[in-house]
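Okay, here's what each chain looks like letter by letter:
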Amino acid sequence: MDNYDIVIKNGTVVDPENGNIIYKNIGIRGAKIAKITDENIIGKTEIDAIGLIVSPGFIDIHAHIDGHIECGKLSVLQGITTTVGGNCGCGPLDLRNFFVNQNKVGFLINQAQLIGHSFTLREAVGINNPYISANNEEIYKMCHIAENAFEDGAIGLSFGIEYAPGSSKEEVIELSKVSKKYNKVVPIHTNVNLPRNLKSLRHAIEISKETGAHVLISHFVYQYGTGIMTEALAMVDQAREKGLKISIDSGMYSAFSTFIGSTIYDEDYIKKFGWKYENMLVATGKYKGKRLTTEMYNELREYNKDESVICFAGVEEELYEALKKDYVMLSSDTGPSPTGKTGEGHPQNSGTFPRFFRKMVRERKDLTLVQAVRKCTILPSITLGLANKGRMREEADADIVIFDINKICDRAKFPDQGFPDAKPEGIPYVIVNGKLVVYKNEIVKNVLPGRCINGLAERII
Ligand SMILES: [Zn+2]
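One structure accompanies this document, and this report is about it. Note that the structure is predicted; figures quoted are calculated from it, not measured.

1. Section: the overall build of the protein
Within the protein, the regular secondary structure consists of 14 helices and 25 strands. What you see for the protein is a C-alpha radius of gyration of 21 Å, in line with the 23 Å of a compact globule of 461 residues. By its C-alpha atoms, the protein is 70 × 45 × 45 Å across when sized along the principal axes. Taken over 461 residues, the protein has a buried fraction of 61%. For the protein, the exposed surface amounts to about 17,900 Å²; the carbon and sulfur share of it is 48%.

Written out as structure tokens, the structure reads:
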């Protein structure tokens, strides 16, 4: 009789590829799902998953972990087994070096990396002013560096146009063509720039139209969940109906967070949007948990540009509206605070995925279990072009999350109300590449099976 490393028995198994729930036992050998069967199989470790959901591990398509260990822990406790870094135009420049280092020291979960434009590539060619456009020579150089990044295994090329509002359309088009050449996704944090305005979304759609690239609009709720969600989704629907490759990721909170020194927190930008300091919450540093004041704003903008500030500018109902669309994927936008501490920042870092299942499946019943799992697994897997992730079938990578749909619950709070890094409940087991990394709700010590994903080869390095 076959012997497996891990056997998961008696679970309610979700197969998002076929949209089914199956009641079978799963045998894991090495880093792969080796057997899915009705038979009673034997493993060195056995997990009785009676009453629990067994799903492919979650893929967080929009994050900023970039090798940060503490952030990786918060993600795996949510059931995330693969994270995508380098979003919003930032992240590491030398991906070859990043991958070699990460694979040497090990990481809890798998990491795919985008090469970022707005900070990373622009800085690499010496552009330090976000309000100016790149010249032809700089565009040429950025395209060259981007090509190298794809050769090194980048999973796509990201833009944070709102952070570099000087980016010319030509700059964005030429770099998107490079991503298209490698058949990779182009995540765009759009340059919203004006309240109740969809020009920025139209621009992002035009990039796809003019280059044929697969454009992924980033953290959609933060961009358009401000009273214009219905119109924004209608615009994307239309583009998709015309055959354009446009996807969306979106989160479970209506309040976004970014660093105080960013262009988004320029004085005229805040005024234009009518944001009030009392609706802005300092999330990190010495003023953590305090509402912003003029004095704090001036001090932080001058001396602590990297501190995070959360802005309560969104309409809660619109976050659900976005995630109800069948093509919209769930994402966290998680990232480390400037000090790397986890006791500060945005609750999205710890709460996104459990909150999604609690709110949208259990309480509001917006989605069925299978629909919800699909948005966290097979949909991002296909978007990224991964052959063996987000799938529940034999020979797929053994990345698995086991959770209780009746108990799954986020505990993370905004920093004026509690702990942003509070551990969720109802996710007792997480397996990454065939290794248990969360066992009975606790992170297993000294197990770092996460690997970097080589986008070029569409395989694990
Ligand atoms: Zn962003």
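There is more to say after this.
2. A short note on the coordination of the zinc ion
Only Cys88 (SG), His189 (ND1) and His219 (NE2) from the protein reach the zinc ion as donors, at distances of 2.0 to 2.3 Å. Taken in chain order, the donor set of the zinc ion reads C-x100-H-x29-H. Pair noted here: Cys88 is in the loop between strand 9 (80-85) and helix 2 (95-105) and His189 is in strand 13 (residues 185-189), with a separation of 101 residues, a long-range link. A residue is classified by how much of its surface remains accessible, and Cys88, at 3% relative accessible area, is buried.

3. Topic: the environment of Asn128
For Asn128, the position within the fold is in the loop between helix 3 (117-124) and helix 4 (136-152). Since its relative accessible area comes to 64%, Asn128 is described here as exposed. Spatially, the C-alpha atoms of Asn128 and Ala164 are 9.6 Å apart, while their sequence positions differ by 36 residues.

4. Comments concerning unusual backbone geometry
A negative phi angle is the norm for most residues apart from glycine, just as the trans form is the norm for most peptide bonds. One non-glycine residue, Glu395, lies in the positive phi region at around 80°. Take Glu395: it is sitting in the loop between helix 14 (378-384) and strand 20 (400-403). Unusually for a residue other than glycine, Asn433 sits at a positive phi of about 45°. The topology assignment puts Asn433 in the loop between strand 21 (429-432) and strand 22 (435-439).

5. A look at the pairing of strand 9
Side-chain direction in a regular strand flips from residue to residue, so the side chains alternate between the two faces of the sheet. Within strand 9, six of the six residues are buried, which leaves the element mostly enclosed by the surrounding structure. Handedness of the crossover is the feature at issue here: the chain leaves strand 9, passes through helix 2, returns alongside strand 10 (residues 110-113), and the resulting connection is right-handed.

6. So, the pairing of strand 7 (residues 53-56)
Two elements, strand 2 (residues 12-15) and strand 7, share two bridges in a ladder whose sense is parallel. Bridge pairing in strand 7 places Val13 opposite Val54.

7. Description of the pattern of salt bridges
For side chains of opposite charge, pairing can occur when their charged atoms come near one another. Tallied over the entire structure, the rule returns 30 salt bridges. What emerges from the salt-bridge pattern is a single network uniting Lys32, Lys389, Asp397 and Asp399.

8. A look at helix 5 (residues 169-181)
Helix length check: helix 5, at 13 residues, gives a terminal C-alpha distance of 18 Å against a target of 18 Å (1.5 Å per residue), a fit within 8%. For helix 5, the complete set of buried residues consists of Glu171, Val172, Ile173, Leu175, Ser176, Val178 and Ser179. Among the structural elements, helix 3, helix 4, strand 12 (157-160), strand 13 and helix 6 (199-211) are those in contact with the buried residues of helix 5. After helix 5 finishes, the residue Asn183 shows a positive phi value of roughly 60°.

9. Examining the nonpolar core
Formed by 115 residues in total, the largest nonpolar core has its most connected members in Leu201, Phe220, Tyr265, Trp275, Phe356, Phe357 and Phe403. Apart from residues lying up to four places away in sequence, Phe357 is in contact with Phe58, Arg362, Leu369, Ala372, Val373, Cys376, Phe403, Ile405 and Ile408. Of all hydrophobic cores here, the second largest spans 20 residues; its members include Val13, Ile36, Tyr429 and Leu436.

10. Here we look at the state of the cysteines
Linking two cysteines covalently via their sulfur atoms produces the bond known as a disulfide. Throughout the structure, instances matching the rule amount to zero disulfides. Among the cysteines around Cys143, which has no disulfide bond, Cys90 carries the closest sulfur, lying 19 Å off. By relative accessible area, Cys143 is classed as buried at 14%.

11. What to know about the sheet that holds strand 23 (residues 442-443)
The mixed open sheet is built from seven strands, whose spatial order is 3-2-7-20-21-22-23. The open sheet has two free edges, formed respectively by strand 3 (20-22) and strand 23, since each of these has just one partner strand. Relative to strand 21, strand 20 is paired through three bridges, and the arrangement is antiparallel. Bridge assignment links Ile402 to a residue of strand 21, and that residue is Tyr429.

12. Structural notes on the side chain of Thr377
Residue placement: Thr377 occurs in the loop between helix 13 (369-376) and helix 14. Within the structure, the side chain of Thr377 is placed 2.7 Å from the backbone oxygen of Val373, a separation counted as a polar contact. With near-sequence residues (within four places) excluded, Thr377 lies in contact with Pro16, Ser55, Pro56, Gly57, Phe58, Ile59 and Gly390.

13. Regarding the environment of Lys286
Within the secondary structure layout, Lys286 lies in the loop between strand 17 (280-282) and helix 10 (294-303). By relative accessible area, which is 62% here, Lys286 ends up exposed. Spatially, the C-alpha atom of Lys286 lies 30 Å from that of Pro165, the residues being 121 residues apart in sequence.

14. Some words on the packing of helix 12 (residues 348-363) against helix 13
Axis separation between helix 12 and helix 13 bottoms out at 10 Å; the angle between their running directions is 155°. When the axes of helix 12 and helix 13 are compared, the pair comes out roughly antiparallel. Once helix 12 is placed against helix 13, the crossing between them reads as right-handed. Contacts between helix 12 and helix 13 involve Phe353, Phe356, Phe357 and Val361 from the first element and Leu369, Ala372, Val373, Lys375 and Cys376 from the second.

15. Re the packing of helix 4 against helix 5
Close contact between helix 4 and helix 5 brings their axes to 10 Å; oriented N to C, the two are set at 25°. One finds that helix 4 runs roughly parallel with respect to helix 5. The crossing of helix 4 and helix 5 is right-handed. Within the contact between the two elements, helix 4 uses Asn136, Ile139, Met142, Cys143, Ala146, Glu147 and Phe150 and helix 5 uses Glu170, Glu171, Glu174, Leu175, Val178, Ser179 and Lys181. Its residues assigned to classes, the contact of helix 4 with helix 5 shows seven nonpolar, two polar and five charged.

Reading the values: the criteria
- Residues numbered from 1 in each chain as written.
- Predicted model: local features only at pLDDT ≥ 70, side-chain atom pairs only at ≥ 80, totals over all residues.
- Heavy atoms only, no water.
- Helix = DSSP H or I, 4+ residues; strand = E, 2+ residues; numbered from the N terminus.
- Rg over C-alpha atoms; globule rule 2.2 N^0.38 Å.
- Buried < 20%, exposed > 50% of the residue type's maximum accessible area, 1.4 Å probe, protein only.
- Areas by Shrake-Rupley, 256 points an atom, 1.4 Å probe, with all protein chains shown as cover.
- Donors = N, O, S within 2.8 Å, 3.2 Å for Na, K, Ca; no water.
- Right-handed = clockwise from strand over helix to strand, strands pointing away.
- Pairing = 2+ DSSP bridges.
- Salt bridge = Lys/Arg side-chain N within 4 Å of Asp/Glu carboxyl O.
- Expected span 1.5 Å × (residues − 1).
- Contact = heavy atoms within 4.5 Å.
- Core = buried A, V, L, I, M, F, W, Y, C linked by side-chain atoms within 4.5 Å.
- Disulfide = S-S within 2.5 Å.
- Polar contact = N/O pair within 3.5 Å; in protein donor to acceptor, adjacent residues only side chain to side chain.
- Axes fitted to C-alpha atoms, helices over the stretch in contact; angles between N-to-C directions.
- Parallel < 35°, antiparallel > 145°, perpendicular 65-115°, else oblique.
- Left-handed = near helix turned anticlockwise from the far one by under 90°.
- Nonpolar A, V, L, I, M, F, W, Y, C, P; charged D, E, K, R; others polar.

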